[in-house]
Structures are given as C-alpha cells and as structure tokens.
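Given next are the chains, with one letter for each unit.
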Amino acid sequence: MNITQIRSLIAIAETGSFTAAAHRMGITQSAMSQAMAGLEENLAVKLLVRQSGGVCLTAFGERVLDHARRAMTHLNAIQTEAAIEAGQPLMSLRLAAFASVYSTILPRLIARFRGLHPDITLTLLESDDSEIENLLAAGHVDLGVVLNPAPEDNALLLGQDEWMAIFPRSHHLARRQSVSLADLAGQPFVLATGGCQIHAQSLLADAGLTLSDIRIRVRDWSSAIALVGAGEGIGLVPESALQGQDRMTGQKSLATARLDPGLYRQFGLRAPLPDEMSHAARLFWNMAERRIA
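The structure displayed is predicted, hence computed values, not measured ones. (Residues numbered from 1 in each chain as written. Predicted model: local features only at pLDDT ≥ 70, side-chain atom pairs only at ≥ 80, totals over all residues. Heavy atoms only, no water.)

Participant: What is the right way to look at the overall build of the protein in this model?
Facilitator: Helix and strand content of the protein: 12 helices and 12 strands. The proportion of buried residues among the 293 residues of the protein is 44%. Pairs at least 24 residues apart make up 72% of the contacts formed inside the protein by residues separated by at least 6 positions. The protein carries 25 positive and 29 negative side-chain charges, and their two centres are separated by 9 Å. (Helix = DSSP H or I, 4+ residues; strand = E, 2+ residues; numbered from the N terminus. Buried < 20%, exposed > 50% of the residue type's maximum accessible area, 1.4 Å probe, protein only. Contact = heavy atoms within 4.5 Å. Lys, Arg positive; Asp, Glu negative; His and termini not counted. Charge placed at Lys NZ, Arg CZ, Asp CG, Glu CD.)

Participant: Explain the environment of Val-101 here, please?
Facilitator: Counting through the fold element by element, Val-101 comes out in helix H5 (residues 99-102). Between the C-alpha atom of Val-101 and that of Ala-137, which follows or precedes it by 36 residues, the distance is 20 Å. Ignoring any residue separated from it by four or fewer positions in sequence, one finds Val-101 in contact with Leu-106, Pro-107, Val-145 and Phe-267.

Participant: For this particular structure, what's the right way to read the pairing of strand E11 (residues 254-259)?
Facilitator: Along any regular strand the residues' side chains alternate between the sheet's two faces. Relative to E11, strand E6 (residues 156-168) runs antiparallel, the two being bridged by five bridges. Bridging from a neighbouring strand, Phe-167 pairs with Ala-255 of E11. Strand direction decides the pairing type here: strand E7 (residues 178-179) and E11, joined by two bridges, are parallel. Bridged to Ser-178 within E11 is Arg-258. (Pairing = 2+ DSSP bridges.)

Participant: How should I be thinking about the pattern of salt bridges in this particular structure?
Facilitator: Pairing is possible between side chains that carry opposite charge, provided their charged atoms lie close to one another. One pass over the structure, following the stated rule, counts 10 salt bridges. Of the charged contacts, one joins Arg-70 and Asp-66 as a salt bridge, the two residues approaching to 3.2 Å between their closest N and O atoms. With a gap of four residues between them, Arg-70 and Asp-66 both fall in helix H4 (residues 59-85), about one helical turn apart. Between Asp-128 and Arg-219 there is a salt bridge, and its shortest N-O distance comes to 2.9 Å. Of the two residues, Asp-128 is situated in the loop between strand E4 (121-126) and helix H7 (129-138) and Arg-219 in the loop between strand E9 (214-218) and helix H10 (221-229); the sequence distance between them amounts to 91 residues. Judged by its relative accessible area of 48%, Arg-219 falls in the partly exposed class. One network of salt bridges, in which partners are shared, links Glu-162, Glu-239 and Arg-258. (Salt bridge = Lys/Arg side-chain N within 4 Å of Asp/Glu carboxyl O.)

Geometry only, nothing functional implied.
Below is the structure:
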C-alpha cells in the first residue's frame, strides 16, 4: 500500500465518485482508478462497488476506511511535529492571485495541496496583478501569482496564455486566420482589462500603437466577449477566457484570430523572499514544481 492509495480511498468515500475524488486530489480519473485497482489487488479483497449513481464502499471497505483515516491522521501529525522540530511550524498559507488564474491554473493545484496537507489553513485572496505585487513586497501574503515575471524575480512559471483577437462575424477581419496589432489599432474596440495592468491598450502601447476608438471599457473578459459578439466592436482577450464560452449566446457570433507575431502572458508563482519562504509556502512551491515538471 502507498499514501496515494490511502488518500484515494478516503476521497472516494467522501465524494462518492471517481471524478470528484480525482478532482479533489488533483490527479486524473485514470490515475485514481489505477490507485484503487492496485489497492484492491494488494489486499485481494474488493473495497468498492460501482453503482449507477456513483460508487460506494463494501462492508470491508468501510472497515479499511476507518484505518485509512487514522493512518492519515498519524502521517499529518508526523509532518507537523517534524516542521515544528525544524523551527517551521505548519500554520497557514496566504496565496494571492487574479481572477483568471483562479478559474484556470490554480484549482487543481489548490485541490492537490488541500489533499496533501489538510492541516494547513489556506487563505486565498483575489486581487489585481499590481496589488499582488504590493502584497508580496509588504509581506502580507506568503505566495502570489504574478503576470510576466522578470527573470530576476526567480518565479516558478505555472503556464502561459496566448492573446487572441475577437471579432463579430460580420467584421471584415473575421475571415483572417491571423492579424497584427496594427490591424486592430484603428478599429472600434471593446477594451477589457481582466483586473490586470497588461491588456490590449498596454500591449499596443508597448508596440508604439494606440487604440484610437475605444467604444466600451469593462473589467470582465466574459463581458467583453459578449459585447463583441453583439457587434459593439472588436477585442483582444486571453485564449483561456474563450474556453467554455461556446455556451454563451455571444460566442456563436464570434470569430477569432491569432496575433502575428504571437503574444503570450505568463503566470509566475512568487514569494516575497524566495530564500525565506515559510514551511507551508515551500510545500506549496515544491508541489507546484512537481506538477508542472
């Protein structure tokens, strides 16, 4: 038996499904199934019964579950006492990020961390990217996700997101597979910021261009997507903002194009002082590093 199998059994018992249990632990459903199959093979006894409404434990599985929970309690106690002995008590972790990261990259990492370290109180803060920099500088958070970190920031890159131009289907650029920033500069524009300093206006400014006809300014990416779909102008949004938007009315009236040359925004995990992370922050950092390796 291994720890993943024990945690998997507990997660399945508490959620009632392989899908929900895998999401909680931050692993794939296939990995969850393999873990449980391995545990049943090791014990040579059936632990789970699959039903139309999900999955439940056998009578023996219920008895095993009681031991599994006690085992995890003892394992967590060992981690806590070891951290205290090392002078780094496990207490809490304060993590700050902006909205689009909470809807894309962070949920699986957070679920995985909670599964591994249920004794650590995790406080999640949502803020603008500029405010996250201020929170880090002041030491008010233990970790923060920032946009386009500089090399000297020693950030852990969690991923990246491509910028996509969006148009109403009737727009003359809608048939293009790619466009340049110059193509966008003089068009009627729906400007969205996503609560970040880096957005269409700043990207064009960095290229020496100006958005000369901003019709609407909004914060939320989905609002901009809907407005563009309604014909109010064109826009520039991260590709992740388009995911799941096909169910929205506006998305059916949209055309998208990549930028030429392509532009991306990167997400980096930062600590106030990388060499002086709390033990909880180091645990989250190491876990994130393993997940993206």
